[in-house]
Amino acid sequence: MRKGLSALLADGLATRSSPGTAAHRAPVDYLAQRLKGDGSVDALDLARWQFGVTTVYHFLFVPITIGLSCLVATMQTVWAR
């Protein structure tokens, strides 16, 4: 018999994480653990840093590039006339 979507999701969540693992801890507990200063960096921290750096890069450089391309096009148009 085929399982419904909710049953499949529940099975997947049950097999991947159980109570007491990082997936079930409160964010406050995770933050308190990170602020202890033990110096360890895990894959989740690196992924968050990568996302943050990529987001800032796109937030800053994409509008600058678009703006500069419009400026260069305008200046070349004025020069050609």
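Higher on the page you've got the structure.
Keep in mind the model is a prediction, meaning the values are calculated, not measured. Chains are numbered independently. Their residues run from 1 in the order of the written sequence. pLDDT decides what is reported in this predicted model: residues at 70 or higher carry local features, side-chain atom pairs at 80 or more are listed and counted, and totals for whole chains, interfaces and linings draw on all residues regardless. Here the side-chain values reflect all heavy atoms present in the structure, with hydrogen atoms and water set aside.

Novice: How would you sum up the overall build of the protein? Please name residues and give values.
Specialist: Numbered from the N terminus, helices here are DSSP runs of H or I no shorter than four residues, and strands are runs of E no shorter than two. When helices and strands are counted, the protein shows three helices and zero strands. The secondary structure elements of the protein, listed N-terminal to C-terminal, are α-α-α. Buried residues in the protein amount to 5% of all 81 residues. The protein chains shown are the only cover counted for residues, whose accessible areas, like all others here, come from Shrake-Rupley with a 1.4 Å probe. Summed over all atoms, the accessible surface of the protein reaches about 7500 Å², with 70% contributed by carbon and sulfur. We call a residue buried when its accessible area falls under 20% of the maximum for its residue type, exposed when it is over 50%, and partly exposed in between, using a 1.4 Å probe and counting protein chains only.

Novice: Explain a nonpolar patch on the surface to me, using residue names and the numbers behind them.
Specialist: Residues form patches when they are more than 30% accessible in relative terms and have no salt bridge. Like charges link within 9 Å. Nonpolar side chains (Val, Leu, Ile, Met, Phe, Trp, Tyr) link within 5 Å. One speaks of a salt bridge when a side-chain nitrogen belonging to Lys or Arg is within 4 Å of a carboxyl oxygen belonging to Asp or Glu. Taken together, the side chains of V56, Y57, F59, L60, F61, I64, L68, L71 and M75 present a nonpolar region at the surface, about 940 Å² in accessible area. Within the secondary structure, I64 is located in helix α3 (residues 43–80). Classification of I64 as partly exposed rests on a relative accessible area of 46%.

Novice: Explain the packing of aromatic side chains to me, using residue names and the numbers behind them.
Specialist: Here is the rule: rings of Phe, Tyr and Trp (six-membered ring for Trp) pair when centre to centre is within 6.5 Å. Planes less than 30 degrees apart are stacked, more than 60 are edge-to-face, and the remainder are tilted. Summed over all chains, the structure comprises one aromatic pair. Between the aromatic rings of Y57 and F61, the centroid separation amounts to 5.1 Å while the plane-to-plane angle is 45°, which identifies the pairing as tilted. Taken together, the positions of Y57 and F61, both in helix α3 and four residues apart, correspond to about one turn of that helix. Relative accessible area serves as the criterion here: at 48%, Y57 is assigned to the partly exposed category.

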